[in-house]
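# Architecture and fold: a report
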Amino acid sequence: MHSIISSLPWQPKLLKRAAVLSVAGFSLIPLTVSAQQADDNASSWGLGLAVVTSQKPYTGIDRDNKVLPILSYENRYVRLSGPELAFKLPGYRFSESNRLNFSVISKYDFTDYEQSDAAILNGMQDRDGGFWTGFKAEWQNDLADISGEILTEVAGDSEGNIMNFGIERTWHFAEQYMFTPRIVVSLLDKKYIDYYYGVTAEEVTTDRAYYKGEAGVNVEIGARVGYMFKQKHFIFFDASVTSLASEIKDSPLVDRSTENRVFLGYIYNF
């Protein structure tokens, strides 16, 4: 396991260019069959590739297209899913299909830009992604999977805080096909929005007014379709649209009310 992780480009600068999942959207693709659901003493890991295309809301910015590696691992103590690492805490099982899970999580946020990305950003200081850590709770039941998490940026970039609340349900067809719609509500504090969408006094131009960001709420709607064959191979398609908070839409850097992201990927489960 260690040799696999160390052979991939997980350093911060390359992480910004090799995102599989984003903090702001939390499209949590199940990269492997949950080891805990199958056997509390089992482990599982997967390796694959994904094509990702996304559109940020900044004025004049091009659509971003990438081919990315996927790495996942899970046992009774930890879960690695793309750039997210979770350390599992004791939970509570009401029944086989009804349980509460808790974890301490750490992840990298790929929300960033460079001034060369779009004309509106010329003369702006580059905004970096950040390392986030926090607490997550999940309630898995017969009707839906409900989750909530609180995250704080600890690398000293935005120094912001995010709270995410999500609900999704998975339907299985013919044992090999799955369909999972979801909705995620993200509460972004003023430090986060001001860092990525604000304009400081030093960055003001005739075409770019001063802007101080305030706290706001994003709402993501998405769906995932998956197909597993021969118990090892998993192909998935995931698409989402996020309705941006008015505090983001009011920024002089932004000319869109939504952002979107599409994944197409393949994973081999070992």
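So, here's what we can say about the structure. (Residues numbered from 1 in each chain as written. Predicted model: local features only at pLDDT ≥ 70, side-chain atom pairs only at ≥ 80, totals over all residues. Heavy atoms only, no water.)

### Here's the deal with the overall build of the protein chain
Short version of the rule: Counting from the N terminus, the helices are DSSP H or I runs at least four residues long and the strands are E runs at least two residues long. Using a 1.4 Å probe on the protein chains alone, a residue whose accessible area is under 20% of its type maximum counts as buried, one over 50% counts as exposed, and one in between counts as partly exposed. Whether two residues touch is decided by their heavy atoms; if any such pair falls within 4.5 Å, the residues are in contact. Accessible areas in this description were obtained via Shrake-Rupley with a 1.4 Å probe; residue shielding takes into account the shown protein chains only.
Check the secondary structure of the protein chain and you find five helices and 13 strands. In the protein chain, which comprises 270 residues, the proportion classed as buried is 46%. Contacts in the protein chain between residues far apart in sequence, at least 24 positions, make up 61% of those at least 6 positions apart. Summed over its atoms, the accessible surface of the protein chain is roughly 13400 Å², and 59% of this surface lies on carbon and sulfur atoms.

### Examining the environment of Ile267
In this fold, Ile267 is placed in strand S13 (residues 258-269). C-alpha of Ile267 to C-alpha of His233: the two residues are 34 residues apart in sequence and 6.0 Å apart in space.

### Let's talk about the pairing of strand S5 (residues 98-109)
Put simply, the rule is: Strands pair, by our definition, only if DSSP identifies at least two bridges between them.
Alignment of strand S4 (residues 84-95) against S5, held across eight bridges, turns out to be antiparallel. The partner of Tyr92 across the bridge, within S5, is Leu100. Here S4 folds back onto S5, and the loop between the two strands holds two residues. Here S5 pairs with strand S6 (residues 130-140) via eleven bridges, running antiparallel. In the strand pairing of S6, Arg99 is matched with Gln140.

### Quick notes on helix H4 (residues 190-197)
Three or four residues apart is the spacing at which side chains of an α-helix point the same way, because the helix has 3.6 residues per turn. For the record, the criterion: What the arc describes is the spread of directions from the helix axis to the C-beta atoms.
Here H4 has its buried residues at Tyr192, Ile193, Tyr195, Tyr196 and Tyr197. For H4, the arc enclosing every buried residue in end-on projection is 165°, short of the 170-degree limit, so these residues lie on one face. Next to the buried residues of H4 lie S5, S6, strand S8 (161-168), strand S10 (177-188), strand S11 (216-229) and helix H5 (246-249).

### Points about the pairing of S8
The side-chain alternation of S8 yields one buried face, formed by Ile162, Asn164, Gly166 and Glu168, and one unburied face, formed by Asn161, Met163, Phe165 and Ile167. Of the strand pairs in this sheet, strand S7 (residues 145-153) and S8 are connected by eight bridges, and their pairing is antiparallel. Residue pairing across strands places Ile146 opposite Ile167, the latter belonging to S8. In this sheet, S10 lies alongside S8 in antiparallel orientation, the contact comprising seven bridges. Counted as the bridge partner of Phe165 is Val185 from S10.

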